Amino acid sequence: MALSIGIVGLPNVGKSTLFNALTSAGALAANYPFATIEPNVGVVPVPDARLEELAKIDHPAQIVPATVEFVDIAGLVAGASRGEGLGNQFLANIRETDAICEVVRFFSDPDVVHVDGKVNPSSDVETIKTELILADIATIDKALPRLEKDARRDKALAFKFETAKKVLDGLNEGHRARTLDLSDEEREAIYDLHLLTSKPILYVANVDEDQVTAELAEIDGCAPVPISAKIEADLADMDPEDAAMFLEEMGLEESGLARLAREAYALLGLQSYFTSGEKETKAWTIPIGAKAPQAAGVIHSDFERGFIKAETASYEDYVSLGGEKGCREAGKLRQEGKEYVVQDGDVMHFKFNV
């Protein structure tokens with residue numbers, strides 16, 4: 001699934017350094033505003049220890065993890081919604097992503113210039129929030145005359161017009177569209193406005209090296225992921241054995257980027273099911289709540305069109321019973337039909353007509 005999460009924040013908060021560590025893509029990381037103009041895109045593996053356990057059973061030729069796409073978007077500044085600092089272009093880049101990862105500067109390095117002259121995480125978060133809200137207000141203000149005209153012509157469209165006005169009121173009060181008390185029908189009605197503040201969001205606190213294990217206060221009602229972009233950049237240059245030793249010395253079980261990749265995957269409303277055999281053990285990405293035919297279609301559209309059934313075992317049964325043969329003998333290999341809602345970690349094999 002080609003869902004993406006945009007990395008945003010003020011200039012010089014460590015977005016590109018974080019992106020480089022995530023993807024090893026070599027995006028330009030420089031100590032001046034607007035070092036990133038065109039968005040850089042990187043596909044990042046989602047760490048999943050279950051793949052290794054499946055591989056111990058099936059001894060595949062390769063292991064293929066799920067992935068999430070990160071987009072490194074240039075720094076926003078106050079006034080971006082009015083075009084300051086190439087703001088219109090940057091806001092358009094955010095609009096094309098499915099979710100937002102906001103990097104907030106907590107680190108205190110005096111050699112890295114802060115765009116406002118001082119480190120103030122709460123102020124930085126408020127600046128970005130305000131710019132996204134102002135951009136959405138402009139979007140609705142522009143759309144309302146058309147929506148009102150459509151509502152007069154077609155009563156069925158009046159609901160969309162009224163919903164847009166309701167959301168505009170909430171935005172003018174300083175609330176993100178995502179936090180407003182809207183029904184599923186109301187959210188669907190304004191979906192095509194592609195409001196920036198309707199996107200799910202997670203926060204990364206880019207901290208000093210001695211803060212990576214610290215408990216941080218919530219940001220805008222969300223628990224931030226503490227990461228030292230400097231540490232992650234160092235880890236990216238190490239071989240796996242040295243990286244593991246370095247993490248142990250830091251008192252960390254895993255890198256911050258591993259946690260971030262998983263958090264981003266969950267933020268996008270995604271989960272994994274597995275296929276496993278001699279050729280490969282692979283995590284396939286589906287939306288939470290997807291049914292078996294939709295899951296089959298991720299492998300190939302023919303699988304969805306010709307879907308008959310899915311031979312399915314839970315991950316726990318597959319591992320504890322030694323694979324497909326053990327599940328079959330124990331009666332734990334289920335035959336699931338078109339209405340089956342796939343569970344995270346299911347190990348599946350599809351039957352289909354060509």
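Residues numbered from 1 in each chain as written. Predicted model: local features only at pLDDT ≥ 70, side-chain atom pairs only at ≥ 80, totals over all residues. Heavy atoms only, no water.

1. Some words on the overall build of the protein chain
At step 1: For the protein chain, the count of helices and strands is 13 helices and 12 strands.
At step 2: Counting every position in the protein chain, which comprises 354 residues, the buried fraction comes to 48%.
At step 3: Nonlocal contacts in the protein chain, meaning residues at least 24 apart in sequence, comprise 65% of its contacts between residues at least 6 apart.
At step 4: Of the accessible surface of the protein chain, which amounts to about 17400 Å², a share of 50% is contributed by carbon and sulfur atoms. (Helix = DSSP H or I, 4+ residues; strand = E, 2+ residues; numbered from the N terminus. Buried < 20%, exposed > 50% of the residue type's maximum accessible area, 1.4 Å probe, protein only. Contact = heavy atoms within 4.5 Å. Areas by Shrake-Rupley, 256 points an atom, 1.4 Å probe, with all protein chains shown as cover.)

2. Thoughts on the sheet that holds strand 1 (residues 4-8)
At step 1: Taken together, the six strands give an open sheet; going across it, the order is 2-4-1-5-6-7, and neighbouring strands pair in mixed fashion. This sheet does not close on itself; its edge strands, each paired only once, are strand 2 (40-45) and strand 7 (225-227). Neighbour-to-neighbour, the strand axes of the sheet open up by a mean angle of 30°, direction not taken into account.
At step 2: Against the sheet, helix 9 (residues 256-267) contacts strand 1, strand 2, strand 4 (67-72), strand 5 (99-105), strand 6 (201-206) and strand 7, and its axis sits at roughly 150° relative to strand 7. (Pairing = 2+ DSSP bridges. Axes fitted to C-alpha atoms, helices over the stretch in contact; angles between N-to-C directions.)

3. Thoughts on the pairing of strand 1
At step 1: For strand 1, the tally of buried residues reaches five of five residues, placing the bulk of the element in the interior.
At step 2: Pairing of strand 1 with strand 4, which is carried by four bridges, proceeds in the parallel orientation. Of the residues in strand 4, the one forming a bridge with Ile 5 is Phe 70.
At step 3: Two elements, strand 1 and strand 5, share four bridges in a ladder whose sense is parallel. Bridging from a neighbouring strand, Ile 5 pairs with Ala 99 of strand 5.

4. Comments concerning helix 1 (residues 15-23)
At step 1: Within helix 1, eight of the nine residues are buried, which leaves the element mostly enclosed by the surrounding structure.
At step 2: Among all positions of helix 1, only Lys 15, Ser 16, Leu 18, Phe 19, Asn 20, Ala 21, Leu 22 and Thr 23 are buried.

5. Looking at the nonpolar core
At step 1: One finds Ile 5, Val 68, Phe 70, Ile 94, Val 204 and Leu 260 to be the most contacted residues of the largest nonpolar core, which totals 52 residues.
At step 2: Aside from chain neighbours lying at most four places away, what touches Leu 260 is Leu 18, Leu 22, Phe 70, Cys 101, Leu 202, Val 204 and Ile 227.
At step 3: In terms of nonpolar packing, the next biggest core, distinct from the first, is built from 18 residues, Ala 164, Leu 168, Ile 190 and Leu 195 among them. (Core = buried A, V, L, I, M, F, W, Y, C linked by side-chain atoms within 4.5 Å.)

6. Examining the packing of helix 4 (residues 121-153) against helix 5 (residues 158-172)
Two numbers describe a pair of packed helices, the interaxial angle and the distance between the axes.
At step 1: Close contact between helix 4 and helix 5 brings their axes to 9 Å; oriented N to C, the two are set at 155°. In terms of their interaxial angle, helix 4 and helix 5 are classed as roughly antiparallel. The handedness of the crossing between helix 4 and helix 5 is left-handed. Contacts from Ile 133, Asp 136, Ile 137, Ile 140, Asp 141, Leu 144, Leu 147, Glu 148 and Ala 151 in helix 4 reach Ala 158, Lys 160, Phe 161, Ala 164, Lys 165, Val 167, Leu 168, Leu 171 and Asn 172 in helix 5. (Parallel < 35°, antiparallel > 145°, perpendicular 65-115°, else oblique. Left-handed = near helix turned anticlockwise from the far one by under 90°.)

7. Section: the pairing of strand 10 (residues 307-313)
At step 1: For strand 10, the buried fraction is high: five of the seven residues fall into the buried class.
At step 2: In this structure, strand 10 lies alongside strand 12 (residues 347-352), joined through six bridges in antiparallel fashion. Bridging across to strand 12, Ala 310 finds its partner in Phe 350.
At step 3: Examined bridge by bridge, strand 10 and strand 11 (residues 334-336) share three bridges and lie antiparallel to one another. Bridging from a neighbouring strand, Thr 312 pairs with Arg 334 of strand 11.

8. Quick word on the packing of aromatic side chains
At step 1: Taken as a whole and assessed by the stated rule, the structure comprises four aromatic pairs.
At step 2: Ring pairing ties together the aromatic residues Tyr 273, Phe 307 and Phe 350, which thus form one cluster.
At step 3: Across from the ring centre of Tyr 315, 6.0 Å away, lies the NZ or CZ of Arg 50, which sits over that ring.
At step 4: Positioned over the ring face of Trp 284 is Lys 282, at 3.8 Å from the centre of the ring. (Phe/Tyr/Trp six-rings, centres within 6.5 Å; stacked < 30°, edge-to-face > 60°. Lys NZ or Arg CZ within 6 Å of the ring centre and 35° of its normal.)

9. Some details on unusual backbone geometry
At step 1: One non-glycine residue, Asn 12, adopts positive backbone phi at about 65°.
At step 2: Looking at the element boundaries, Asn 12 is found in the loop between strand 1 and helix 1.
At step 3: Even without glycine at this site, Asp 220 takes up a positive phi of about 50°.
At step 4: Here Asp 220 is to be found in the loop between strand 6 and strand 7.

10. Details of the confidence of the model for the protein chain
At step 1: For the protein chain, per-residue confidence averages 86 on the pLDDT scale, and 89% of positions sit at 70 or higher.
At step 2: Across the protein chain, helix 12 (residues 315-320) holds the top mean pLDDT of 97, while helix 3 (residues 87-95) sits lowest at 69.
At step 3: Ignoring residues within four places in sequence, the model shows residues 25-37, a span with pLDDT below 50, making 35 contacts including any to other chains. (pLDDT = per-residue confidence, 0-100.)

11. Topic: the side chain of Gln 271
At step 1: Mapped onto the elements of the fold, Gln 271 is located in strand 8 (residues 270-276).
At step 2: For Gln 271, a relative accessible area of 8% puts it in the buried group.
At step 3: Gln 271 has contacts with Tyr 265, Trp 284, Thr 285, Ile 286, Pro 287, Ile 288, Gly 289, Val 342, Gln 343 and Asp 344, leaving out every residue within four places of it along the chain.

12. Some points on the environment of Asp 208
At step 1: With respect to the helices, strands and loops of the structure, Asp 208 is situated in the loop between strand 6 and strand 7.
At step 2: As a C-alpha pair, Asp 208 and Lys 230 span 22 residues in sequence and 8.3 Å in three-dimensional space.
At step 3: Residue contacts for Asp 208: discarding those within four places in its chain leaves Phe 106, Phe 107, Ser 108, Asp 109 and Ser 228.
At step 4: A polar side-chain atom of Asp 208 sits 3.0 Å from a polar atom in the side chain of Ser 108. (Polar contact = N/O pair within 3.5 Å; in protein donor to acceptor, adjacent residues only side chain to side chain.)

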